[in-house]
Amino acid sequence: MITADLYVEVQTYYANQMRLLDSLKIEEYAATFTADGEIVHAHRDERAQGRETMIAGMYAALPRYKGVVVRHWFDHLLVEQGGDGSLTVNYYTLVSRTDAEGKVVFEPTFTVTDILVRGDDGQLYTKSRYIERDTPAES
Amino acid sequence: MITADLYVEVQTYYANQMRLLDSLKIEEYAATFTADGEIVHAHRDERAQGRETMIAGMYAALPRYKGVVVRHWFDHLLVEQGGDGSLTVNYYTLVSRTDAEGKVVFEPTFTVTDILVRGDDGQLYTKSRYIERDTPAES
Amino acid sequence: MITADLYVEVQTYYANQMRLLDSLKIEEYAATFTADGEIVHAHRDERAQGRETMIAGMYAALPRYKGVVVRHWFDHLLVEQGGDGSLTVNYYTLVSRTDAEGKVVFEPTFTVTDILVRGDDGQLYTKSRYIERDTPAES
């Protein structure tokens, strides 16, 4: 069981990180990852390793965000501390897109698993982010 | 006023419990209740008492979840500790349904009141869950 | 970095305040502000200063809430403590409207900045609330 102070630190880390992502501050968002950090979109079998690859991928995706404001909503964080001090965090994500007229639509929901590590500066960084789109079980 | 550590313990309890519910692990979800635990859906005047009744009711409801992934989103937890050590927790719930194409729809919003108790194993269990569908005031 | 206990106190303050707002308890909601408190809706250039002005404005807006239940969902709180003990809190807001049939629609998303102060009674009060509608960047 982690302490409440650590839990709140993780929440605050995400609050800052999502503001950077949602305001399309691409370089600043990438800087919240470790230099060798990676983002895996499991549902489309896509992996970006290293900040430069991330940044290139996000610039390529920018047209998808033209004319909308995206907001990432998190819930149900599970934070576990590993023996090496790293944190494994699993959470639900809902993604809203608000257009200029104020109409809101939602992307499919996701479940995300991050590994967070503490840098030499004492701050948290994302070492890996594994994103799974929520998909109905085969029936 | 409860401590932050207890608040985070309650949040983590729900994070685990909702993962079980949302992945339709019915028996494991029922096991997060006390043996005599109950769930009341006030808006449809329905009460399930005891884990076996809950489990039967959830199996009967499974067809409603065919082809969709359900996610329960919580907000605005109010956690109060009773003299007997039980916790009364009231929270908002938003329920999303994502289909195979990624389309998201929402069920009506709900407000839930739980009583949580601590078992002999030191873990939290839900003794009762009272679910009210948010309904406009008569006008 | 604030303590987890303070973070949870802020969350609990909002949990209570939003229940008052969402159940249209207008006078009680206004009483969670300081006597000279203000609410600014930046996107429609509207400012209400003082509890009485707030109350009048909310009564005037009541017809907009006829036949629906509104719920304000918060996420990604950033809580910062000023030298004078006041708190600046920034957060995401999603607003749902559920009608009598259970249909859910959403208002445009918002980002809110509050200044909270502690009253002589030791409780938190909102001194100012600055509400910005999330609007796509010009392109």
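Residues numbered from 1 in each chain as written. Chains lettered and ligands numbered in written order. Predicted model: local features only at pLDDT ≥ 70, side-chain atom pairs only at ≥ 80, totals over all residues. Heavy atoms only, no water.

Draft legend 1. Broad picture of the overall build of chain A. When helices and strands are counted, chain A shows 3 helices and 7 strands. From first element to last, N terminus to C terminus, chain A shows the α and β order α-α-β-β-α-β-β-β-β-β. Relative to the 2.2 N^0.38 estimate, which gives 14 Å for 139 residues, the radius of gyration of chain A is 15 Å and therefore close to what a compact globule would have. If you line up chain A on its principal axes, its C-alpha atoms span 45 × 40 × 30 Å. A burial count over chain A gives 55% of its 139 residues as buried. Taking contacts inside chain A between residues at least 6 apart in sequence as the whole, the part at least 24 apart equals 49%. Roughly 6700 Å² of accessible area belongs to chain A as shown, and the carbon and sulfur atoms make up 51% of that amount. A distance of 6 Å separates the average location of the 14 positive side-chain charges in chain A from that of its 22 negative side-chain charges. (Helix = DSSP H or I, 4+ residues; strand = E, 2+ residues; numbered from the N terminus. Rg over C-alpha atoms; globule rule 2.2 N^0.38 Å. Buried < 20%, exposed > 50% of the residue type's maximum accessible area, 1.4 Å probe, protein only. Contact = heavy atoms within 4.5 Å. Areas by Shrake-Rupley, 256 points an atom, 1.4 Å probe, with all protein chains shown as cover. Lys, Arg positive; Asp, Glu negative; His and termini not counted. Charge placed at Lys NZ, Arg CZ, Asp CG, Glu CD.)

Draft legend 2. Representation of helix α3 (residues 51–61) of chain C in the model. Residue and element names in this part refer to chain C. Of all the residues in α3, the buried ones are Met54, Ile55, Met58 and Ala61. What you see down the axis of α3 is that its buried residues fit within an arc of 130°, all on one side. Of the residues in α3, the exposed ones pointing more than 90 degrees away from the buried face are Glu52 and Ala60. Contacts made by the buried residues of α3 are with α1 (4–22), α2 (26–30), β1 (33–41) and β2 (46–49). (Arc of directions from axis to C-beta.)

Draft legend 3. Spotlight on the interface of chain C and chain B. With 28 residues of chain C in contact, the opposing surface of chain B contributes 25 residues. When the two sides are added together, the surface that chain C and chain B hide from each other amounts to roughly 2100 Å², 64% of it contributed by carbon and sulfur. Counting the contacts that link chain C with chain B gives 1 salt bridge. Our count for the chain C to chain B interface comes out at 11 residue pairs in polar contact (both at pLDDT 80 or more). Elements with a contribution of two residues or more to the side of chain C that touches chain B: α1, β3 (68–81), β4 (87–99) and β5 (104–106) of chain C. Residue contributions to the side of chain C that touches chain B peak at 12 residues, all from α1(C). Here the side of chain C that touches chain B is composed, by residue class, of 12 nonpolar, 8 polar and 8 charged. (Buried area = accessible area lost by both parts, 1.4 Å probe. Salt bridge = Lys/Arg side-chain N within 4 Å of Asp/Glu carboxyl O. Polar contact = N/O pair within 3.5 Å; in protein donor to acceptor, adjacent residues only side chain to side chain. Nonpolar A, V, L, I, M, F, W, Y, C, P; charged D, E, K, R; others polar.)

Draft legend 4. Highlighting the interface of chain B and chain A. With 28 residues of chain B at the interface, the matching set in chain A holds 25 residues. Summing the contributions of chain B and of chain A, the shared interface buries around 2100 Å²; its carbon and sulfur component is 64%. For Asp134(A), the salt bridge is made with Arg71(B), and the minimal N-O distance between the two is 3.1 Å. Counting across the chain B and chain A interface gives 11 residue pairs in polar contact (both at pLDDT 80 or more). If you list the elements that add at least two residues to the side of chain B that touches chain A, you get α1 (4–22), β3 (68–81), β4 (87–99) and β5 (104–106) of chain B. Top element by residues in the side of chain B that touches chain A is α1(B). It accounts for 12 residues. Residues belonging to the side of chain B that touches chain A are distributed by class as follows: 12 nonpolar, 8 polar and 8 charged.

Draft legend 5. Quick peek at the layout of surface pockets. Residue and element names in this part refer to chain C. Counted as a void, the largest pocket has a volume near 1100 Å³. Around the largest pocket sit 48 residues that line it, and Leu21, Met58, Ala61, Tyr65 and His72 are the ones nearest its centre. Class assignment of the residues belonging to the lining of the largest pocket gives a composition of 26 nonpolar, 10 polar and 12 charged. (1 Å grid on protein atoms, 1.4 Å probe; cavity = no way out; pocket = protein on both sides within 12 Å on 5 of 7 lines; lining within 4 Å. Points joined across faces, edges and corners; volume = space filled by probe spheres on them.)

Draft legend 6. Representation of the relation of the copies chain B and chain A within the structure. Laying chain B over chain A is done by rotating through 120° and shifting 0.0 Å along the axis; what remains is an RMSD of 0.0 Å. Seen this way, the second copy is the image of the first under a three-fold rotation axis. Of the C-alpha atoms belonging to chain B, the one lying closest to the rotation axis is found on Ala4(B), 3.3 Å away. Interface residue correspondence from chain B to chain A reaches only 14%, placing this contact among heterologous pairings that use different surfaces. (Least-squares fit on C-alpha atoms with pLDDT ≥ 70 in both.)

Draft legend 7. Geometry of the packing of aromatic side chains. Going through the model one piece at a time under the given rule, you end up with 21 aromatic pairs over all chains. Centroid distance Phe74(B) to Tyr91(B): 4.2 Å. Interplanar angle 20°. Geometry classified as stacked. Placement of the pair is Phe74(B) in strand β3 and Tyr91(B) in strand β4, with a sequence separation of 17 residues. Considered together, Phe74(B) and Tyr91(B) belong to a single accessibility category, that of buried residues. Clustering of aromatic rings is evident, with ring pairs tying together Tyr13(A), Tyr14(A), Phe74(A) and Tyr91(A). In this arrangement the basic side chain of Arg71(B) is found over the ring face of Tyr92(A), its NZ or CZ atom lying 5.1 Å from the centre. (Phe/Tyr/Trp six-rings, centres within 6.5 Å; stacked < 30°, edge-to-face > 60°. Lys NZ or Arg CZ within 6 Å of the ring centre and 35° of its normal.)

Draft legend 8. Structural context of empty space enclosed by the protein. This model, assessed by the stated rule, comprises 1 cavity of 30 Å³ or more. Space inside the largest cavity adds up to approximately 560 Å³. Counting only elements with at least two residues in the lining of the largest cavity, the list comes to α1 (4–22) and β3 (68–81) of chain A, α1 and β3 of chain B together with α1 and β3 of chain C.

Draft legend 9. Highlighting the relation of the copies chain C and chain B. The transformation that overlays chain C on chain B combines an axial shift of 0.0 Å with a rotation of 120°, and the residual RMSD is 0.0 Å. Interface overlap between copies is the fraction of interface residues in one copy that are interface residues in the other; for chain C against chain B it is only 14%, indicating separate surfaces.

Draft legend 10. View of the confidence of the model for chain A. In the predicted model, chain A carries a mean pLDDT of 96, and 99% of its residues have values of at least 70. Interface confidence for the predicted complex, expressed as ipTM, amounts to 0.95; the pTM equals 0.97. (pLDDT = per-residue confidence, 0-100.)

Draft legend 11. Broad picture of the side chain of His72(A). Inspection of the secondary structure puts His72(A) in strand β3. The class of His72(A) is buried, set by a relative accessible area of 17%. Among the polar contacts made by the side chain of His72(A), one reaches the side chain of Asp22(A) at a distance of 2.7 Å. With sequence-adjacent residues up to four places away left out, His72(A) is seen in contact with Met18(A), Leu21(A), Asp22(A), Thr93(A), Leu94(A), Val95(A), Asp75(C), His76(C) and Tyr92(C).

Draft legend 12. Main features of the packing of α1(A) against α1(C). α1(C) packs onto α1(A) with a crossing angle of 65° between their chain directions and a minimal axis gap of 8 Å. Taking contact as the criterion, the partners of Ala4(A), Asp5(A), Val8(A), Gln11(A) and Thr12(A) in α1(A) are, on α1(C), Ala4(C), Tyr7(C) and Gln11(C). Counted by class, the contact of α1(A) with α1(C) contains 4 nonpolar, 3 polar and 1 charged residues. (Axes fitted to C-alpha atoms, helices over the stretch in contact; angles between N-to-C directions.)

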